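Coordinate inspection notes
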Amino acid sequence: EKTKTSFFSKLSKAVLGKTQVDDEVLDNLEEVLVTSDVGIETTLKIIGRIQDRASKDKYVSTSELNTILKEEIAALLVGDTVPDSKEFEIPETGGLPYVIMVVGVNGVGKTTTIGKLASHYHKNGKKVVLGAADTFRAAAVEQLELWGKRVGVPVISHGMNTDPAAVAFDAVKQAVDMKADVVIIDTAGRLHTKVNLMNELSKIKRVIQKFIPEAPHDVMLVLDGSTGQNAVIQAREFTKATEVTSLAITKLDGTAKGGVVIGISDQFQIPVRYIGVGEKMEDLQVFNKHEFVDSLFENAN
Amino acid sequence: MFDNLSQKLDKAFKTLKGQGRITEINVATTAKEIRKALIDADVNYKVAKSVTDDIKEIALGREVLISVSPGQLLVKITHEELTKLMGGEKQEISLKGDPSVILIAGLQGSGKTTFSGKLAAYIKKQNRNVLLVACDVYRPAAIDQLKVLGEQVGVEVYTEPDNKKPVEISKNAIEYAKKNNKKVVIIDTAGRLAIDEQMMNEIAEVKKAIQPSETLFVVDSMTGQDAVNTAKAFNDRINFDGVVLTKLDGDTRGGAAISIRAVVEKPIKFISTGEKMDALDVFYPERMASRILGMGDVVSLVERA
Ligand SMILES: Nc1nc2c(ncn2[C@@H]2O[C@H](COP(=O)(O)OP(=O)(O)OP(=O)(O)O)[C@@H](O)[C@H]2O)c(=O)[nH]1
Ligand SMILES: Nc1nc2c(ncn2[C@@H]2O[C@H](COP(=O)(O)OP(=O)(O)OP(=O)(O)O)[C@@H](O)[C@H]2O)c(=O)[nH]1
Ligand SMILES: [Mg+2]
Ligand SMILES: [Mg+2]
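Parameters and conventions
Residues numbered from 1 in each chain as written. Chains lettered and ligands numbered in written order. Predicted model: local features only at pLDDT ≥ 70, side-chain atom pairs only at ≥ 80, totals over all residues. Heavy atoms only, no water. Helix = DSSP H or I, 4+ residues; strand = E, 2+ residues; numbered from the N terminus. Contact = heavy atoms within 4.5 Å. Areas by Shrake-Rupley, 256 points an atom, 1.4 Å probe, with all protein chains shown as cover. Buried area = accessible area lost by both parts, 1.4 Å probe. Salt bridge = Lys/Arg side-chain N within 4 Å of Asp/Glu carboxyl O. Polar contact = N/O pair within 3.5 Å; in protein donor to acceptor, adjacent residues only side chain to side chain. Nonpolar A, V, L, I, M, F, W, Y, C, P; charged D, E, K, R; others polar. Near = heavy atom within 4 Å. Phe/Tyr/Trp six-rings, centres within 6.5 Å; stacked < 30°, edge-to-face > 60°. Buried < 20%, exposed > 50% of the residue type's maximum accessible area, 1.4 Å probe, protein only. Lys NZ or Arg CZ within 6 Å of the ring centre and 35° of its normal. Pairing = 2+ DSSP bridges. Expected span 1.5 Å × (residues − 1).

Helix and strand counts for chain A come out as 11 helices and 8 strands. Long-range pairs, those at least 24 residues apart, make up 76% of the contacts in chain A between residues at least 6 apart in sequence. Working note: accessible area of chain A is about 12,200 Å², and carbon and sulfur atoms make up 49% of it.

This brings us to the interface of chain A and chain B. Chain A puts 40 residues into the contact, and the matching count from chain B is 33 residues. The junction of chain A with chain B conceals about 3,400 Å² of combined surface from both sides, 59% of it contributed by carbon and sulfur atoms. Where chain A meets chain B, there are 3 salt bridges. The shortest N-O distance in the salt bridge between B:Asp249 and A:Lys194 comes to 2.4 Å. One can count 16 residue pairs in polar contact (both at pLDDT 80 or more) joining chain A with chain B. Among the elements that take part in the side of chain A that touches chain B, helix H6 (residues 140-151) of chain A stands out by supplying 5 residues, more than any other. Considering only residue class, the side of chain A that touches chain B consists of 13 nonpolar, 15 polar and 12 charged.

Further remarks concern the site of ligand 1. Around ligand 1, 24 residues are found, and the nearest of them are A:Gly109, A:Lys110, A:Thr111, A:Thr112 and A:Glu279. The site occupied by ligand 1 is bordered by residues of chains A and B. Between A:Lys110 and ligand 1, the recorded distance is 2.7 Å, taken from a side-chain N or O atom to an oxygen atom. Measuring from an oxygen atom of ligand 1, one finds a backbone N or O atom of A:Val277 at 3.4 Å. Protein contacts shield 96% of the accessible area of ligand 1, which totals 650 Å² for the unbound molecule.

Once that is clear, we can look at the packing of aromatic side chains. What the rule picks out here adds up to 7 aromatic pairs over all chains. Residues B:Tyr122 and B:Phe270 carry aromatic rings whose centres are separated by 5.2 Å and whose planes lie at 85° to one another, so their mutual orientation is edge-to-face. With B:Tyr122 in helix H5 (residues 112-125) and B:Phe270 in strand E7 (residues 268-272), the pair connects residues that are 148 residues apart, well separated along the chain. Here the aromatic rings of B:Phe217 and B:Phe240 are separated by 4.9 Å at their centres, their planes lie at 15°, and the arrangement is stacked. Pair noted here: B:Phe217 is in strand E5 (residues 214-220) and B:Phe240 is in the loop between helix H9 (227-238) and strand E6 (242-246), with a separation of 23 residues, a long-range link. Just as B:Phe217 is buried, B:Phe240 falls in that class too. Put simply, the rings of B:Phe115, B:Tyr122 and B:Phe270 pair up and form one aromatic cluster. Over the ring of A:Trp147 we find A:Arg150; its NZ or CZ atom is 4.4 Å from the centre of that ring. The ring centre of B:Tyr284 lies 4.1 Å from the NZ or CZ of B:Arg287, which sits over that ring.

Looking now at the pairing of E6(B). Residues and elements named next belong to chain B. Burial runs high along E6: 5 of the 5 residues are buried. Burial along E6 is two-sided: Gly-242, Val-244 and Thr-246 facing one way and Val-243 and Leu-245 facing the other are all buried. Here E5 pairs with E6 via 5 bridges, running parallel. Residue pairing for E6: Val-219 is matched across the bridge by Leu-245. The pairing of E6 with E7 spans 3 bridges and is classified as parallel. In the strand pairing of E7, Val-244 is matched with Phe-270.

With the rule as written, the count across this model stands at 26 salt bridges over all chains. Across the pair B:Asp220 and B:Lys247 runs a salt bridge, and its minimum N-O distance is 3.0 Å. You can see B:Asp220 sitting in strand E5 and its partner B:Lys247 sitting in the loop between E6 and helix H10 (256-263), a full 27 residues away along the chain. The two residues B:Asp220 and B:Lys247 agree in class, both being buried. Linked by salt bridges that have partners in common, A:Arg236, A:Glu237 and A:Lys240 make up one network.

Residue and element names in this part refer to chain A. If you check helix H9 (residues 230-242), its first and last C-alpha atoms are 18 Å apart, about what 13 residues at 1.5 Å a residue would give, namely 18 Å. Regarding H9, the residues found buried are Asn-230, Ala-231, Val-232, Ile-233, Gln-234, Ala-235, Glu-237, Phe-238 and Thr-242. For H9, the elements touching its buried residues are strand E1 (98-103), helix H8 (195-211), strand E5 (218-224) and helix H10 (260-268). Just downstream of H9, Glu-243 is the residue with a positive phi angle, here 50°.

Here is the structure:
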């Protein structure tokens, strides 16, 4: 808390009683944002907005400045200002299971996020089914099966090196048969530069739609919070291949800030739904804009 | 979003057309563009600043050399500087000791287990008898994963599924290697955050117990600004010998390579370029510099300048 105030006190010292926010302060702000992986373009956008407001209002007080700054950043993040509940809720789908397909590049935390999500839904009394459609990475199926066991939910799998679309189809079908509330499909990590693998995602999606036309109800792109500007390209390419509808940012328990998501959410108009804050079952939180923006300024001095 | 740097520099120089000389003013303007390009490529903010300060100095000192456009000269200088920063003598991994022990460490999901398999295959090709050791006792199916990879490359994997103590497992594995004529032991460890005291103590203790001849820090080339913190923290605790950059088969610019070199004086020894067991390469500083600058055409540019 002490370090948090020092950035803002410095910021306000340079602003208070001045008709304009001066360059030194803006440099300082730039550093805070850029070192949080916000990226130059989005950083300049934010700074531009602050400058506009400061020059329009002529005089900005410390607290006003803090508020303006945080408001401007939060405004770039799509979604409700305050999540209406901390619960993990599933939208109404008219009796059919809600289908979530989880995608992303290698090693970002897809499978772990699925395990955590399953645990939250399960605890909320929902009937959950997992689909092991990563049939490629060594021991990927075993990994998801262990999560299933840990949480206490069934995992549908056809073993390694089988057709991922067939697994996804089967998982959705069995979920319907079991009258499950939600089915979460794990997919293999893939770099967005690999055309064949990206096409495979579209195929998985199409196959699921044969069974439930409006599925997948949610295509969740998992981003590693320590990834830099490449995450922007990941968002663009995965959106092209599968129409991503939500984001999860993992590994925010580390020192990385995940600031790249601000530009992504703004540019592609996709809400951030969850953040991963550890490797355990309970280490998944509903994304909160304001807490996230605050965290960018933690330790800033 | 990622304009080519030379395009950016051209833009910056547009207003200065006709000026064949590098002056302090136009160097400052273009240095700013270079800095932005580096940050776009995920070079750490502070590192990008100090690199461009150096470039500014060099550029001004080289006034006499100007024969073509100053933009191109600056690109050339930048490319040279980045290459120098990441380069130096090429260093092989050390295979001292009998058996020689290689310890693999890094953040979660960076590619340690995959790299361990690749390294085992690489060393096996040199006709050395290799043993892989599964010391990740946390991640679900981590042991299975290494076993599958070991099978793929034809290398034995040492495991103790019921033992949760990596120090013990690694020591036992080395004993096993001695008895079974294994010449190189590669130890895969769990992913850990640099700020996780308990986990960092654990890897430090493993290192102390087994005295590896080579400790490698595996880092995802898509890492952003945090690369410096992580690399520094790992180096402070385990004083690694070299860096492995993974997932370079994607389109990341890989600025982390410079950031890491700037905070720890350790060479990048391998790059990982795919999920398959043969996707392992040595590191070329010059190519990496081109990549970070987002310019495939740098070679021809440099030749013209
Ligand atoms: N510290 C931390 N580690 C995480 C978090 N989420 C996942 N991990 C770890 O990151 C590593 C990779 O996670 P996985 O869930 O296997 O990632 P993935 O995206 O499924 O990986 P692939 O299927 O190989 O592409 C594991 O060691 C996880 O325990 C998080 O929020 N915090
Ligand atoms: N495209 C690509 N994928 C890679 C590369 N190296 C590793 N991967 C993938 O990245 C993901 C994570 O790799 P792992 O080897 O499991 O990473 P790790 O560091 O052992 O992960 P933890 O043990 O969970 O910390 C897997 O999907 C790998 O197949 C690479 O060079 N290129
Ligand atoms: Mg996975
Ligand atoms: Mg591993």
